[in-house]
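Fold and contact review
One-letter residues, chain by chain:
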Amino acid sequence: MTALPLSSSLIAQLRQICGTANVITHDDPGADLSPWEQDWRKRVRGRALAVVRPCSTAEVAAVVKACAAANTPIVPQGGNTGLVVGGVPDGSGAQIVLSMTRMNAVRAIDPANLTLTVEAGCVLQNLQAAAENAGFLFPLSLGAEGSCTIGGNLGTNAGGTQVVRYGNTRELCLGLEVVTAQGDIWHGLSGLRKDNTGYDLRNLMIGSEGTLGIITAATMKLYPQPAAQLTAWAAVPSLESAVQLLGLAHQRLGPGLTGFEVMGQFALGLVDKHYPQLRVPLWQDTPWCVLLENSDSENEAHARSQFESLLEAALEAACVSDAVVAENLTQARSLWRIRESITLAQAEEGLNIKHDISIPVSRIPAFVAETDALLAREFPGVRMVDFGHLGDGNLHYNVQAPAGADEKAFLRDNEDRVNTLVFDQVLKFDGSISAEHGVGELKVGKLPLYKDPTALAMMRAIKQTLDPQNILNPGRVLG
Ligand code: FAD
Ligand code: MLT
Ligand code: ZN
């Protein structure tokens, strides 16, 4: 008898565990692995040994045990909408992609405990719908919600547009079920709001980008649905004015303030160029627009009068130059659609150098003024695609090549220097080089330069302890 090569015997084992149809390789006739191998922004195209699609926690555990025995790295993947190249395989052809999308069931809803337990591969929009059908709100919301999964949201500790009120994914999670690097199952699906029995493993797993364990299910918090929700769009004369408006909105709306997004003129111009049917309001005569959302627990009339008095005060203080309040849900959705189309419009325009940074809100205007000037001096003609979650101090500060320049050549020649300039500024302003997208592979080289060395040493020690073989998403987060 001839022995099978190690990779073939692993594939045979994985097929036994998950079924032949759920282990896809390049050798399968007609197989196209590109949806799993190519990242959303098309920055990297990897090559997988196989794509494995388990349908239960037991299958995930068995897959991990088999891969650990064969010393084969595993890249967990949800909806593959990540923006930092964290969920696709490298180019070696030696890693398996563990696609979680078949594990998508809502396991339980506990209305009295205000919790919902769901499998990791559930698409965020389906989770939101399950909560709504049960009469509740699951507030996590982001442009990719039609295809990202809750496992990916937990893996990246995603933020989105409701963080100013509800926090990011970490704050929405009470319990996890996780398969460890050894293929053991941690049954941590607690719906407890209080549990001080030692180290917080849940919060360690959340945001670890698939490098410490594979999340198979989670217990998430539910909230009451608001009685009314209103959306406004305001033109503001400067970023300082946007910060002033944020202060007024906190004062006047209190916990009703559920969204506060800022959008620069060039970013809105890209939406207008690529999606003219969306009819972007007020953008041509102002450097910045703000999208605000007021969620009210009383009724629509109360929400409207609160909103109107906020905008009147803002107009009087001259921090708003013009504003519209959506008359109905359809208009509100159209305004949100404009905001959520910025990423897609950027992708249509071509590659740019993305920065997902956080800075204390109070210092954002000074950061932008100073960094814009430095960029203009070092890279004349660059255009800034700025937008983001100003309510959380999270700016998407993206650098587009000068008009008419070849953007691929611009990235090739300048990306590292642009990143260094921007991240040095982030450090100077006490910020973070990743607010919500994570580190992935894109920022792995920069992290040691901008993160506290003691924190990095503790992170390395944790990784070494939990995954001594380094088989879970190697090369991501920590190089
Ligand atoms: P993937 O891309 O598949 O994976 C992301 C990371 O999580 C990888 O490191 C992967 O290995 C790991 N992972 C996936 N599943 C698991 C699991 N079950 N267990 C352990 N690790 C896992 N992000 C924001 O934070 N805020 C936004 O507003 C936002 N808007 C976006 C808008 C658009 C149009 C797009 C394309 C992306 C946006 N993103 C945003 C980024 C992205 O959607 C989020 O990072 C999202 O959380 C990724 O989910 P996913 O299921 O696609 O994960
Ligand atoms: C957003 O806020 O729309 C996202 O984080 C996506 C992006 O930065 O492009
Ligand atoms: Zn964002």
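Structure: see above.
Right, let's walk through the structure included here. Everything numeric in this text was worked out from a predicted model, so none of it was measured. (Residues numbered from 1 in each chain as written. Chains lettered and ligands numbered in written order. Predicted model: local features only at pLDDT ≥ 70, side-chain atom pairs only at ≥ 80, totals over all residues. Heavy atoms only, no water.)

On to the coordination of the zinc ion (ligand 3), then. Protein coordination at the zinc ion (ligand 3): the donors are His389 (NE2), His396 (NE2) and Glu436 (OE), at 1.9 to 2.1 Å from the metal. Every donor residue of the zinc ion (ligand 3) comes from the same chain, spaced as H-x6-H-x39-E. Here His389 and His396 have matching classes, each one buried. (Donors = N, O, S within 2.8 Å, 3.2 Å for Na, K, Ca; no water. Buried < 20%, exposed > 50% of the residue type's maximum accessible area, 1.4 Å probe, protein only.)

What follows covers the site of ligand 2. Neighbouring residues of ligand 2: Leu83, Arg339, Thr343, Gln346, Lys354, Phe387, His389, His396, Glu436 and His437. Between Thr343 and ligand 2, the recorded distance is 2.8 Å, taken from a side-chain N or O atom to an oxygen atom. In this structure, His396 approaches ligand 2 through a side-chain N or O atom, which is 2.9 Å from an oxygen atom. For ligand 2, whose free accessible area comes to 270 Å², the fraction covered by protein is 86%. For the shell around ligand 2, the secondary structure elements donating two or more residues are α12 (342–349) and β17 (383–389). (Near = heavy atom within 4 Å. Polar contact = N/O pair within 3.5 Å; in protein donor to acceptor, adjacent residues only side chain to side chain. Areas by Shrake-Rupley, 256 points an atom, 1.4 Å probe, with all protein chains shown as cover. Helix = DSSP H or I, 4+ residues; strand = E, 2+ residues; numbered from the N terminus.)

Our focus in this paragraph is the site of ligand 1. In the neighbourhood of ligand 1, 35 residues make up the surrounding shell, with Pro76, Gly78, Thr81, Gly82 and Thr149 lying closest. At 3.1 Å, a side-chain N or O of Glu436 approaches a nitrogen atom of ligand 1. Within the side chain of Asn473, one N or O atom sits 3.2 Å away from an oxygen atom of ligand 1. Protein contact buries 97% of the 980 Å² of open area that ligand 1 shows by itself. Counting residues per element, the ones that place at least two in the shell around ligand 1 are β3 (74–77), α5 (150–156) and β10 (214–221). Considering each element in turn, the shell around ligand 1 owes the most residues, four residues, to α5. Of the residues in the shell around ligand 1, the class split is eleven nonpolar, 22 polar and two charged. (Nonpolar A, V, L, I, M, F, W, Y, C, P; charged D, E, K, R; others polar.)

For the rest of this paragraph, the subject is the sheet that holds strand β1 (residues 23–24). In a beta sheet, neighbouring strands pair by backbone hydrogen bonds and run either parallel or antiparallel. What the four strands build is an open sheet, ordered β1-β2-β4-β3; its pairing is mixed. The sheet is open, and its two borders are formed by β1 and β3, each paired with just one other strand. Bridge count between β1 and strand β2 (residues 48–52): two bridges; the pairing is antiparallel. From the neighbouring strand, Ile24 faces β2, where its bridge partner is Val51. Where helix α3 (residues 57–69) meets the sheet, its contacts fall on β2, β3 and β4 (95–99), and the angle it forms with β4 comes to roughly 175°. (Pairing = 2+ DSSP bridges. Contact = heavy atoms within 4.5 Å. Axes fitted to C-alpha atoms, helices over the stretch in contact; angles between N-to-C directions.)

Moving on: helix α11 (residues 329–340). Across its twelve residues, α11 extends 16 Å between first and last C-alpha, which sits within 8% of the 16 Å expected from 1.5 Å per residue. The complete set of buried residues in α11 reads Ala332, Leu335, Trp336, Ile338 and Arg339. All buried residues of α11 fall inside an arc of 150° around its axis, so they share one side. In α11, the exposed positions angled more than 90 degrees off the buried face are occupied by Leu329, Thr330, Arg333 and Arg337. Contact partners of the buried residues in α11: β12 (228–236), β13 (257–264), α9 (265–274), β14 (288–296), α12 and β17. The N-capping residue of α11, defined by a side-chain oxygen 3.2 Å from the backbone nitrogen of Thr330, is Asn328. (Expected span 1.5 Å × (residues − 1). Arc of directions from axis to C-beta.)

All right, on to empty space enclosed by the protein then. This structure, assessed with the given rule, holds one cavity of 30 Å³ or more. Roughly 50 Å³ of volume is contained in the largest cavity. Along the walls of the largest cavity sit Arg41, Leu83, Val84, Lys354, Asp356, His437, Leu442 and Lys443, which together make up its complete lining. Here the residues of the lining of the largest cavity are counted per class, giving three nonpolar, one polar and four charged. (1 Å grid on protein atoms, 1.4 Å probe; cavity = no way out; pocket = protein on both sides within 12 Å on 5 of 7 lines; lining within 4 Å. Points joined across faces, edges and corners; volume = space filled by probe spheres on them.)

The analysis is restricted to geometry; functional conclusions fall outside its scope.
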